[in-house]
Amino acid sequence: MAAAFLTHLAPDRVRVRSAGSAPADAVNPAVVEAMKEVGIDISAEIPKVLTADAVRASDVVITMGCGDTCPIFPGKRYLDWRLDDPAGRGVEAVRPIRDEIEQRVHGLIAEILPEGHR
């Protein structure tokens, strides 16, 4: 959800890589539905495993509780967003998680993009 919001809110201004330390086989249908409610279609997305190369190529790495399984490299900015896991939850439970992620993405955009580039 964070990658989708960032791509949607700051297109052509940031490069987003989305991956997980233990990705599922498919995107959670409740997450797809919750994102569709705010006009973002992630139904074609395929979960990918987080690689050391992806972290090396990033300036900011947002984790969501991956702990010791995430590669750590000097000079990278790491943000650990502790949020409820939407896995196994219905759309009603996913909505507040989605909304919290959207707020955090807005805050991140305000931090990393100069005023005239938002």
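Presented here is an overview of the structure given in this document. (Residues numbered from 1 in each chain as written. Predicted model: local features only at pLDDT ≥ 70, side-chain atom pairs only at ≥ 80, totals over all residues. Heavy atoms only, no water.)

## Points about unusual backbone geometry
Right, so step 1: Even without being glycine, Asp12 reaches a positive phi, approximately 65°.
Right, so step 2: As for its placement among the helices and strands, Asp12 is situated in the loop between helix H1 (2-9) and helix H2 (29-37).
Right, so step 3: Note on Asp12: relative accessible area 83%, which makes it exposed. (Helix = DSSP H or I, 4+ residues; strand = E, 2+ residues; numbered from the N terminus. Buried < 20%, exposed > 50% of the residue type's maximum accessible area, 1.4 Å probe, protein only.)

## Regarding H2
Right, so step 1: Those residues of H2 that fall on the buried side of the exposure criterion are Ala30, Val31, Val32, Ala34 and Met35.
Right, so step 2: Those residues of H2 that are buried lie in contact with H1 and helix H4 (91-112).
Right, so step 3: At the N-terminal boundary of H2, the capping side chain belongs to Asn28, with an oxygen 2.7 Å from the backbone nitrogen of Ala30. (Contact = heavy atoms within 4.5 Å. Polar contact = N/O pair within 3.5 Å; in protein donor to acceptor, adjacent residues only side chain to side chain.)

## Thoughts on the nonpolar core
Burial of nonpolar side chains together is a common tendency in soluble globular proteins.
Right, so step 1: Judged by nonpolar contacts, the single largest core of 22 residues is most densely connected at Met1, Met35, Ile42, Ile101 and Val105.
Right, so step 2: For this core, the elements supplying multiple residues, two or more each, are H1, H2 and H4.
Right, so step 3: Here this core gets six residues from one element, more than from any other, and that element is H4.
Right, so step 4: Contact partners of Met35, with chain neighbours within four places excluded, come to Met1, Ala4, Phe5, Ile40, Ile42 and Arg98. (Core = buried A, V, L, I, M, F, W, Y, C linked by side-chain atoms within 4.5 Å.)

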